[in-house]
Amino acid sequence: MLFGKLLPREGNFFELFNQHGTHIVEGARSFILLIQNYADPDLREKYAGEVVSAERSADRVTAEVARLLHKTFITPIDREQIHGLINAMDDVLDLLQDASETLLLYDVRSVTDEVVRLAEISLKCCERVQHAVSLLETLSTPATAEAAIKTCEEIDKLESDA
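Residues numbered from 1 in each chain as written. Predicted model: local features only at pLDDT ≥ 70, side-chain atom pairs only at ≥ 80, totals over all residues. Heavy atoms only, no water.

## Points about the side chain of Thr75
Consideration 1: Locating Thr75 in the fold gives a position in the loop between α3 (41-71) and α4 (79-105).
Consideration 2: The exposure class of Thr75 is buried, given its relative accessible area of 16%. (Helix = DSSP H or I, 4+ residues; strand = E, 2+ residues; numbered from the N terminus. Buried < 20%, exposed > 50% of the residue type's maximum accessible area, 1.4 Å probe, protein only.)

Set out below in structure tokens:
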């Protein structure tokens, strides 16, 4: 029993997930602003930079989660689940950054209404992901579990709309 008290326990994983979720939404909001203001080169560059900034901030959170996984003996959920979740969340911002960089790289001159609509759906999905992640810490309660399922269904519907 004494040995168990000496082992590092449950790091601050849920707080880190929430931080990462915040960066995802920041990046998605910057991306939609980039798309909505695409005709203005200065604003385009500004919002593309904000997407990159959000992605770099999220990368730091991802690295912190990896570091914490290596030093924490007892985690609140399975290690592979923590690793998979944070990497999937990081992929979201990586893809937003890739999309904004690709638009600039190929010197796209204008965006269609469909692109604007997809960016809006992406933002809504990112906001729902942030909400779902915020529920993880209390997922064991029935009301929270029901809210999480509802949020996942909303994400699925948004993905179908896209």
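Alright, that's what it looks like, and here's the rest.
## Considerations on the nonpolar core
Consideration 1: Core analysis: the largest hydrophobic core is formed by 31 residues, its most contacted members being Phe13, Phe17, Leu34, Ile35 and Leu96.
Consideration 2: Elements that contribute at least two residues to this core include exactly α2 (13-36), α3, α4 and α5 (113-134).
Consideration 3: In terms of residues, this core owes the most to one element, α2, which gives 10 residues.
Consideration 4: When near neighbours in sequence (up to four residues on either side) are disregarded, Phe13 contacts Val65, Leu68, Leu69, Thr72, Thr75, Pro76 and Ile82. (Core = buried A, V, L, I, M, F, W, Y, C linked by side-chain atoms within 4.5 Å. Contact = heavy atoms within 4.5 Å.)

## Digging into the environment of Thr75
Consideration 1: Separated by 58 residues in the primary sequence, Thr75 and Val133 have C-alpha atoms spaced 16 Å apart.
Consideration 2: Of the polar contacts made by the side chain of Thr75, one reaches the backbone oxygen of Ile77; its length is 2.6 Å. (Polar contact = N/O pair within 3.5 Å; in protein donor to acceptor, adjacent residues only side chain to side chain.)

## Points about the packing of aromatic side chains
Consideration 1: In total, this model carries one aromatic pair according to the counting rule given.
Consideration 2: With 6.2 Å between their ring centres and 75° between their planes, Phe14 and Phe17 make a pair best called edge-to-face. Of this pair, Phe14 and Phe17 both sit in helix α2, three residues apart, which is roughly one turn of that helix. In this structure, Phe14 and Phe17 share a single accessibility class: buried.
Consideration 3: Over the aromatic face of Tyr38 sits the side chain of Arg44, whose NZ or CZ is 4.3 Å from the ring centroid. (Phe/Tyr/Trp six-rings, centres within 6.5 Å; stacked < 30°, edge-to-face > 60°. Lys NZ or Arg CZ within 6 Å of the ring centre and 35° of its normal.)

## A word on unusual backbone geometry
Consideration 1: Here Asp107, not a glycine, exhibits a phi torsion of approximately 50°, which is positive.
Consideration 2: Mapped onto the fold, Asp107 is located in the loop between α4 and α5.
Consideration 3: Take Asp107: its relative accessible area is 38%, and that puts it in the partly exposed class.

## Looking at the pattern of salt bridges
Consideration 1: Applying the stated criterion across every chain, the model contains six salt bridges.
Consideration 2: Its salt-bridge partner being Arg128, residue Glu154 comes within 2.7 Å of it at the nearest N-O pair. Placement of Glu154 in helix α6 (residues 142-161) and of Arg128 in helix α5 is noted, with a sequence separation of 26 residues between them.
Consideration 3: Take Glu154: its relative accessible area is 27%, and that puts it in the partly exposed class.
Consideration 4: Look at Arg128 and you get partly exposed, because its relative accessible area is 24%.
Consideration 5: In this structure, Lys157 and Asp161 form a salt bridge, with 3.4 Å as the shortest nitrogen-oxygen distance. Highlighted residues: Lys157 and Asp161, both in helix α6, separated by four residues, approximately one helical turn.
Consideration 6: On the basis of relative accessible area, Lys157 is assigned to the exposed category, the value being 54%.
Consideration 7: Because the salt bridges share partners, they merge into one network encompassing Arg128, Lys150 and Glu154. (Salt bridge = Lys/Arg side-chain N within 4 Å of Asp/Glu carboxyl O.)

## A look at a negative patch on the surface
Consideration 1: On the surface, Glu146, Glu153, Asp156 and Glu159 cluster together into a patch of negative charge.
Consideration 2: Structurally, the position occupied by Glu146 is in helix α6. (Patch = residues over 30% accessible without salt bridge, like charges linked within 9 Å, V, L, I, M, F, W, Y side chains within 5 Å. Areas by Shrake-Rupley, 256 points an atom, 1.4 Å probe, with all protein chains shown as cover. Lys, Arg positive; Asp, Glu negative; His and termini not counted. Charge placed at Lys NZ, Arg CZ, Asp CG, Glu CD.)

Remember that the coordinates give geometry; whether it matters functionally is a separate question.
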